[in-house]
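Breakdown of the fold
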There are 2 protein chains.
Amino acid sequence: MKYSIITIGREHGSGGRTIAKMVADKLQIPLYDRKLIQMIAEDSGFAASYVETSEMRRTSSFLYNLYFDSRNLPLDDQVFLAQANVITKLAEKGPCVIVGRCADYILRDKPSVLKVFVYAPMEERVRRVEEDYGEKASDYQRYLQKIDRHRSAYYDRFTGEEWGNPHNYHLLINSAIGLPAAAQQIITLAGGKEKE
Amino acid sequence: MKYSIITIGREHGSGGRTIAKMVADKLQIPLYDRKLIQMIAEDSGFAASYVETSEMRRTSSFLYNLYFDSRNLPLDDQVFLAQANVITKLAEKGPCVIVGRCADYILRDKPSVLKVFVYAPMEERVRRVEEDYGEKASDYQRYLQKIDRHRSAYYDRFTGEEWGNPHNYHLLINSAIGLPAAAQQIITLAGGKEKE
């Protein structure tokens, strides 16, 4: 394959995780998605639930700067370092698909990494989280916008880059083209042949 | 083909026009690129040079509003209307590839239209306009940023949408993946078989 590691950033409700699974299944390579949480928890010593919610925590830069000293990193920074450590090791082990967790940034200098971002129209995201994922919210659009803001702030804080900015990716796919079509785009670009 | 009309928006120097030509050649469908200028000129009665430079003209919204009256449209609006008219007719004639000129917006309601945006890292754009296109500028980065601002303002004025915003496209491709690979992505998604 031209690219052996595939990172997939995604808007919540875009179907990005399903697309990642299709790609990993067809290429028969490991998928690191929820599994990552457990690995980062083990590496860092934090509870999996704390790792999982790290991108939903708001950290003021001001407080962060006050608190920071090199011997005593803030907790979320420790989580991020563990995350970077786990993701770097996984990428060294061999071909795989990694969903979210700033993997595109963590692996940005490796030429074998294909960086993809999946997004979708708001009405499709609302339908998906409500009907397919069964998530509960009084106002789904506001709920998704809040998740976007958190992911964006988290990405920005740890990478200094803008989440979803085309220039940080090779390919951005609107999943309205269909999830299998989106998976096919990634497989074609990765240069992999589907395994039968 | 799943999508018979392919619109390609692009940053100047991204190689988007070359990619469009590759797609049109491989699918053996017409390419409307510079040809469009002449057709819009004929439809509107304006000189081709006036049509060509329309997206480089700055129009203040304030002056625009003062000037506007329904019987006497500002000149650039007349050009845009001719452009919309020509592009709509072309799309009715059959499969084709259309480069730039807000075609994605003009044809936004047609399900058979695949909307693609091609971009590239600044250093590759600079290299391309300097070495491949032989354009002259004292500061290529500023030159390209100026073109970006003009295209963006033009798109915004006539569509009310943001130029290059992922949500207005099906697919955004970083041409750093290679121009043939980018063309292949579009061909795969259009659902067309390459003609030998």
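Anything mentioned here points back to the structure above.
Each chain has its residues counted from 1, following the order in which its sequence is written. Lettering for chains starts from A, numbering for ligands starts from 1, and both go in the order in which the items are written. Predicted model: local features are reported for residues with pLDDT of at least 70 only, side-chain atom pairs are reported and counted for 80 or more only, and whole-chain, interface and lining totals are derived from all residues. To obtain the side-chain values, all non-hydrogen atoms of the structure were used and water was disregarded.

**As for the overall build of chain A**
Assigned secondary structure in chain A consists of 9 helices and 5 strands. Each residue's exposure class comes from its accessible area (1.4 Å probe, protein chains only) as a fraction of the maximum for that residue type: buried when under 20%, exposed when over 50%, partly exposed otherwise. Split into buried and exposed, the 196 residues of chain A put 52% on the buried side. Considering only intrachain contacts with a sequence separation of at least 6, the fraction spanning at least 24 residues in chain A is 72%. As displayed, chain A offers around 9600 Å² of accessible surface, 50% of which is attributable to carbon and sulfur atoms. Every helix listed is a DSSP run of H or I at least four residues long, and every strand listed is a run of E at least two residues long, numbered separately from the N terminus. In this analysis, two residues are considered to be in contact whenever any of their non-hydrogen atoms come within 4.5 Å of each other. Where accessible areas are quoted, they stem from the Shrake-Rupley method and a 1.4 Å probe; at the residue level, only the protein chains shown are allowed to cover.

**Some details on the interface of chain B and chain A**
The interface is formed by 20 residues belonging to chain B together with 20 residues belonging to chain A. Buried area is understood as the total, over both parts, of accessible area removed when two parts are fitted together, assessed with a 1.4 Å probe. Note on chain B versus chain A: buried area summed over both sides is about 1700 Å², and carbon and sulfur give 54% of it. Three residues, H167, I177 and Q185 of chain B, lead the burial of chain B against chain A; their summed loss comes to 32% of the area buried on that side. Salt bridges, as used here, are contacts in which a Lys or Arg side-chain nitrogen is within 4 Å of a carboxyl oxygen on Asp or Glu. Run the count over chain B and chain A and you get 0 salt bridges. Every element with two or more residues in the side of chain B that touches chain A is listed here: strand 5 (171-174) and helix 9 (179-190) of chain B. Looking at the side of chain B that touches chain A element by element, the count peaks at 5 residues for helix 9 of chain B.

**Some remarks on the pattern of salt bridges**
When their charged atoms lie close together, side chains carrying opposite charge are able to pair. Counted by the stated rule, this structure contains 16 salt bridges over all chains. Among the salt bridges present, the one from R157 of chain B reaches D77 of chain B, with a minimum N-O distance of 2.3 Å. Note that R157 of chain B is positioned in helix 8 (residues 140-159) and D77 of chain B in helix 5 (residues 75-93), a separation of 80 residues in sequence. Note on R157 of chain B: relative accessible area 26%, which makes it partly exposed. Through salt bridges with shared partners, a single ionic network connects E11, R125 and D148 of chain A.

**With respect to helix 2 (residues 34-44) of chain A**
Residues and elements named next belong to chain A. Listed as buried for helix 2 are L36, I37, I40 and A41. Along the axis of helix 2, the buried residues cluster in a sector spanning 135°; they form a single face. Exposed side chains of helix 2 directed beyond 90 degrees from the buried face belong to K35 and E42. Elements that come into contact with the buried residues of helix 2 comprise strand 2 (31-32), helix 3 (48-52), helix 5 (75-93) and strand 3 (96-99). Positive phi shows up at G45, right after helix 2, with a value of about 85°. Our arc is simply the arc of the directions from the helix axis toward the C-beta atoms.

**Brief notes about the side chain of D148 of chain A**
Tracing the sequence through the fold places D148 of chain A in helix 8 (residues 140-159). In contact with D148 of chain A, not counting residues within four places along its chain, are R125 and W163 of chain A.

**A closer look at the pairing of strand 4 (residues 113-119) of chain A**
Residues and elements named next belong to chain A. In terms of residue burial, strand 4 counts as a mostly covered element, since 7 of its 7 residues are buried. Residues of strand 4 alternate between two faces, with V113, K115, F117 and Y119 on one and L114, V116 and V118 on the opposite face, all of them buried. In this analysis, strands are considered paired if DSSP registers two or more bridges between them. Relative to strand 4, strand 1 (residues 5-10) runs parallel, the two sharing 6 bridges. Across the sheet, I8 pairs through a bridge with V116, a residue of strand 4. When strand 4 meets strand 5 (residues 171-174), the two strands line up parallel, connected through 4 bridges. Across the sheet, Y119 pairs through a bridge with N174, a residue of strand 5.

**As for the environment of E162 of chain A**
All names here are of chain A. Among the structural elements, E162 can be located in the loop between helix 8 and strand 5. A C-alpha to C-alpha distance of 25 Å links E162 and L179, two positions 17 residues apart in sequence. The contacts of E162, once residues within four sequence positions are left out, are Y155 and N168. Within the structure, the side chain of E162 is placed 3.1 Å from the side chain of N165, a separation counted as a polar contact. Counted as a polar contact is a pair of N or O atoms within 3.5 Å, where, for protein atoms, one must be capable of donating a hydrogen and the other of accepting one, and residues adjacent in sequence contribute only when both atoms are in side chains.

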